[in-house]
Amino acid sequence: MQVLQVQLAVQADPAEVGRARRWVRSRLLNHGVDPDEPIAETVVLVVSELVTNAVVHTGCPAVLRLCLPLADGAAQAGPLRVEVADASQAAPAPRHAGADEDATNGRGLELVELLCERWGWYPDGSGKRVWCEIGADARPVDPMAGADWAALAQ
């Protein structure tokens, strides 16, 4: 299987997360993936979480890489791979936000784990590389799937 690899250098600035999302949408569109397809929405969300983690937790620049599968020149031959390399050697540690529904962090790697077929990390030079694979049949998460409708009705 052939793979098209594209990458983007991301500065150590939280505003770069938005630029990374726009870049990913553009790369997916150039690859023949409709931005409204579930896989596109999933990839953008996963990229947002991984780039945010790299930028916020390391305070250093990072490199975002997309590995887009090709089959006879067509898109969607296998899982799409997202990689984010940063300068920290600290292992990514999934945290659980707990019951605090107002918490604004602590769910990033939980989302990655939920949305991706596989994910992991490995040491890379003086830092690490976090990666995940998203299948062509990716489905976006329904944010209301776990809602307590009785509590909301009160």
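This text goes with the structure placed above it.
Since this is a predicted model, take the numbers as computed values, not measurements.

Asker: Give me the lowdown on the overall build of the protein, citing residues and values where you can.
Answerer: Counting its regular elements, the protein contains four helices and six strands. The N-to-C order of helical and strand elements in the protein reads β-α-α-β-β-β-α-β-β-α. Across the 154 residues of the protein, 38% fall into the buried class. Sequence-distant contacts in the protein: of pairs separated by 6 or more residues, those separated by 24 or more amount to 61%. In the form shown here, the protein has an accessible surface area of approximately 8700 Å², with 51% of it arising from carbon and sulfur atoms.

Asker: Would you mind going over the nonpolar core in detail, with residue names and values included?
Answerer: Residues V43, L64, L66 and V82 are the most contacted members of the largest nonpolar core, which totals 33 residues. Of all elements in the fold, only β1 (2–10), α1 (16–30), α2 (38–58), β2 (62–71), β4 (80–86), α3 (108–115) and β6 (127–134) reach the threshold of two or more residues within this core. In terms of residue count, α2 provides more of this core than any other element does, ten residues in total. Setting aside chain neighbours within four positions, we find L66 in contact with L4, Q5, V6, W23, V24, R27, V43, V47, L80, R81 and V82.

Asker: Explain α1 residue by residue, including any values.
Answerer: For α1, built from 15 residues, the straight-helix expectation of 21 Å at 1.5 Å per residue is met to within 8% by its first-to-last C-alpha distance of 21 Å. The set of residues buried in α1 consists of E16, V17, G18, A20, W23, V24 and L28. Downstream of α1 by a residue or two, G32 has a phi angle that is positive, lying close to 95°.

Asker: Report on α3, specifying residues and quantitative values.
Answerer: Residues G108, L109, V112 and L115 constitute the buried set of α3. Angularly, the buried residues of α3 cover 130° about the axis, an arc narrow enough to put them on a single face. The inward-facing, buried residues of α3 contact α2, β5 (118–124) and β6.

Asker: Any chance you could break down the packing of α1 against α2 for me, citing the residues and the numbers?
Answerer: Relative to each other, α1 and α2 sit at 150°, their axes nearing to 9 Å. As summarised for this structure, α1 and α2 are arranged roughly antiparallel, according to the angle between their axes. Crossing of α1 against α2: the hand is right-handed. Counted together, V17, A20, R21, V24, R25 and L28 of α1 and A40, V43, V44, V47, S48, V51 and T52 of α2 form the full contact between these two elements. Its residues placed into classes, the contact of α1 with α2 shows nine nonpolar, two polar and two charged.

Conventions adopted
- Residues numbered from 1 in each chain as written.
- Predicted model: local features only at pLDDT ≥ 70, side-chain atom pairs only at ≥ 80, totals over all residues.
- Heavy atoms only, no water.
- Helix = DSSP H or I, 4+ residues; strand = E, 2+ residues; numbered from the N terminus.
- Buried < 20%, exposed > 50% of the residue type's maximum accessible area, 1.4 Å probe, protein only.
- Contact = heavy atoms within 4.5 Å.
- Areas by Shrake-Rupley, 256 points an atom, 1.4 Å probe, with all protein chains shown as cover.
- Core = buried A, V, L, I, M, F, W, Y, C linked by side-chain atoms within 4.5 Å.
- Expected span 1.5 Å × (residues − 1).
- Arc of directions from axis to C-beta.
- Axes fitted to C-alpha atoms, helices over the stretch in contact; angles between N-to-C directions.
- Parallel < 35°, antiparallel > 145°, perpendicular 65-115°, else oblique.
- Left-handed = near helix turned anticlockwise from the far one by under 90°.
- Nonpolar A, V, L, I, M, F, W, Y, C, P; charged D, E, K, R; others polar.

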